[in-house]
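Read off the chains here:
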Amino acid sequence: MYLCPEPKTLELKGGYYYFPIGEKPPITTKITPTLYNKESYRLIIDETGVHIEGANDIGIYYAELTLKQLMMNHRGCLPYLYIYDEPEYSYRGFMIDSCRHFFSVDEIKKMIDGAALFKFNKFHFHLSDDQGFRVEIESYPKLTQVGSVRPSSDFGRGEYDKTPYSGYYTKEELKEIVEYCKERYIEVIPEFDVPGHTTAVIASYPEFSCTGEEIQPRTTAGVFDDILCVGNPDTMDMIYSVIDELCEIFTGKYFHIGGDEAPKKRWNVCPRCQEKIKELGLKNSEELHGWLVNEVSLYLKKKGKKAICWNEAIRGGNVEKDNITVAWWMDRTKATLNWANGGNPIIVESFTPYYADYPYGMHTLKNVYMYNPRGIKGLTSLGSASVVGIESPIWTEYIRDFKKLTRMCFPRWIAVAHTAWSGNEKKNFNKFLKIATFYCEILGEMGIESAPETEWNILPHGRLSQTVGFFRNLLSKEMISQLLKKDEK
């Protein structure tokens, strides 16, 4: 019997309840508010049928998901059993980047279906970046008129397309996705990345940059110097207006404000940014970044929202801790460690091994499954307790079609889901391989193609070859040209 995530407590009682194939057994449900966790449930199968208790409707839903998996395992019968179950983490997330390559509403819904089967409850939707702005904003229409269209695509690894690339979601389409997730008890978390990764915003409205120069949405991967000028009060008005419109669509608790990979080259020489630093009594541009995070977080708090930011956003050391959760992907400083060890919430989406866009030779299925989010070196007991959740992102510079998207995510997301719900106790990778094989076949029937088993756990020499090949093909023609120019200088 293959269940994923595996329940915290499962006791087989011996015997089976039989019912006609193609029909459902009799089911009784009961709300039991005294259950420990709002997502917890009891599932009992005996000679009288199926009995479900949930702390609320969410618990009932998760019990029904477990029952659905049981019925995938057994045709026309169910084993007598007792299950008590609750999640290890309250935040169990997956992220899809539709900026570098765009995915249709129907394709996004299929990914949601795949994640929902394994009890994910947060969908982090990456909607703005250097290579495209992907959401309709009525107060700033050029964000999609200009910012959603890049002139070409040159991400390397064999891709060079001279044709323009475009696409964005209308408000109605996003509301449809939000409602689709709501039916599956999944919160959709939009990401409006500020102040960096905003080339597409600046291409639409150059006045929001430090230089005012006209640029185009980026056609390559990378980290770029042009970021929003926060010394300009009009920039802050724009940020708040975009947030206002997004909050009308995305009604959940969290709002992701990005904050990663924001070089301060422009700020360091920008008269308005330098004047803002002086006006606020700050020490440097990193503290100005922290001020921005605080301002946006406070704005969101007034709207009943909680901000999430990438870990680079707290490097200035002046980020207020009241309303911010830090997403930890990679931090060579101790800023995030200190944050967590101080009892402040973090979401672990560690580059190694949770980034699903990297080859299986780099982030093997076994590494994903065995990873312990609370076992990060340097975390104290309080720091470990501060891990409120985990998330696996899929960035799409090199993901051009839906088949590639699904193969990179599955079965990895099945492994992430196990840790997110069941934790790290009693992990058995050989058993999990059978579980993954079983559910990959079911995902295929849902229109979600998984990576072939031969790729899941490549031997060491194959991993090295795949890794070298990945980085060899990583540089785009434009990147190579830039490096040659630097070398000439």
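Use the structure listed above.
In this report, the structure presented in the accompanying data block is examined. (Residues numbered from 1 in each chain as written. Predicted model: local features only at pLDDT ≥ 70, side-chain atom pairs only at ≥ 80, totals over all residues. Heavy atoms only, no water.)

1. Quick look at the overall build of the protein chain
- Scanning the protein chain from N- to C-terminus turns up 19 helices and 17 strands.
- Relative to a compact globule of 489 residues, whose C-alpha radius of gyration would be 23 Å, the protein chain shows 24 Å and is just as compact.
- If one aligns the C-alpha atoms of the protein chain with their principal axes, the spans along those axes are about 75 × 45 × 45 Å.
- Approximately 20,500 Å² of the protein chain is accessible, and the part contributed by carbon and sulfur atoms is 49%.
- If the 59 positive side-chain charges of the protein chain are averaged to one point and the 66 negative ones to another, these points end up 5 Å apart. (Helix = DSSP H or I, 4+ residues; strand = E, 2+ residues; numbered from the N terminus. Rg over C-alpha atoms; globule rule 2.2 N^0.38 Å. Areas by Shrake-Rupley, 256 points an atom, 1.4 Å probe, with all protein chains shown as cover. Lys, Arg positive; Asp, Glu negative; His and termini not counted. Charge placed at Lys NZ, Arg CZ, Asp CG, Glu CD.)

2. Some remarks on helix α8 (residues 271-280)
- Regarding α8, the residues found buried are C273, K276 and I277. One face of α8 carries all of its buried residues, which in axial projection span an arc of 100 degrees. Away from the buried face of α8 by more than 90 degrees, exposed residues P271, K278 and E279 are located.
- Contacts made by the buried residues of α8 are with α7 (265-269) and α9 (285-302).
- Looking one or two residues beyond α8, the residue adopting positive phi is G281, at roughly 75 degrees. (Buried < 20%, exposed > 50% of the residue type's maximum accessible area, 1.4 Å probe, protein only. Arc of directions from axis to C-beta. Contact = heavy atoms within 4.5 Å.)

3. Observations regarding the packing of helix α4 (residues 171-182) against helix α6 (residues 233-249)
- Interaxial distance between α4 and α6 falls to 9 Å at its minimum, and their mutual angle equals 45 degrees. In terms of orientation, α4 lies oblique with respect to α6. Contacts between α4 and α6 involve K171, L174, K175 and V178 on the former and, on the latter, E245, E248 and I249.
- Taken together, the residues of the contact of α4 with α6 break down into three nonpolar, no polar and four charged. (Axes fitted to C-alpha atoms, helices over the stretch in contact; angles between N-to-C directions. Parallel < 35°, antiparallel > 145°, perpendicular 65-115°, else oblique. Nonpolar A, V, L, I, M, F, W, Y, C, P; charged D, E, K, R; others polar.)

4. Here we look at the packing of aromatic side chains
- According to the stated counting rule, one finds 30 aromatic pairs in the structure shown.
- Measuring from centroid to centroid gives 4.8 Å for F351 and Y358, while their planes differ by 85 degrees, and the two rings are edge-to-face. For the pair formed by F351 and Y358, the shared burial category is buried.
- Both rings, one in F410 and one in W413, keep their centres 5.6 Å apart while their planes meet at 70 degrees; by these two values the pair is edge-to-face. Per residue, the accessibility class of F410 equals that of W413, and both read buried.
- Pairwise contacts between aromatic rings join F94, F102, F120, F123, F125, Y169, F410 and W413 into one cluster.
- The ring of Y369 carries the charged tip of K427 above its face, separated from the ring centre by 5.0 Å. (Phe/Tyr/Trp six-rings, centres within 6.5 Å; stacked < 30°, edge-to-face > 60°. Lys NZ or Arg CZ within 6 Å of the ring centre and 35° of its normal.)

5. Points about the pattern of salt bridges
- Under the criterion given, the structure shown has 24 salt bridges.
- For R100, the salt bridge identified is with D129, shortest N-O distance 3.2 Å. Residue R100 is located in the loop between β6 (91-97) and α2 (105-116), and its partner D129 is located in strand β8 (residues 128-129); the two are separated by 29 residues in the primary sequence. Side by side, R100 and D129 carry an identical accessibility label, which is buried.
- Between R184 and D113 there is a salt bridge; the shortest N-O distance is 3.1 Å. Of this pair, R184 sits in the loop between α4 and β12 (187-191) while D113 sits in helix α2, placing them 71 residues apart in sequence.
- Here R184 falls in the buried class, since its relative accessible area comes to 18%.
- The class of D113 is partly exposed, set by a relative accessible area of 22%.
- Here the salt bridges share partners, and the residues they tie into one network are D97, R100, D129 and E397. (Salt bridge = Lys/Arg side-chain N within 4 Å of Asp/Glu carboxyl O.)

6. A short note on the packing of α6 against α9
- At a minimum axis separation of 11 Å, α6 and α9 run at an interaxial angle of 35 degrees. The chirality of how α6 crosses α9 is right-handed. Counting all contacts with α6, which are made through M236, I239, Y240, I243, D244 and C247, the residues of α9 involved are W291, L292, E295, V296, Y299 and L300.
- The class makeup of the residues in the contact of α6 with α9 is 10 nonpolar, no polar and two charged. (Left-handed = near helix turned anticlockwise from the far one by under 90°.)

7. Quick notes on the environment of V188
- Summarising the element assignment, V188 is placed in strand β12.
- Of the residues examined, V188 reaches a relative accessible area of 5% and is grouped as buried.
- Once residues lying within four places of it in the same chain are set aside, the contact partners of V188 are F123, F125, I177, V178, C181 and F250.

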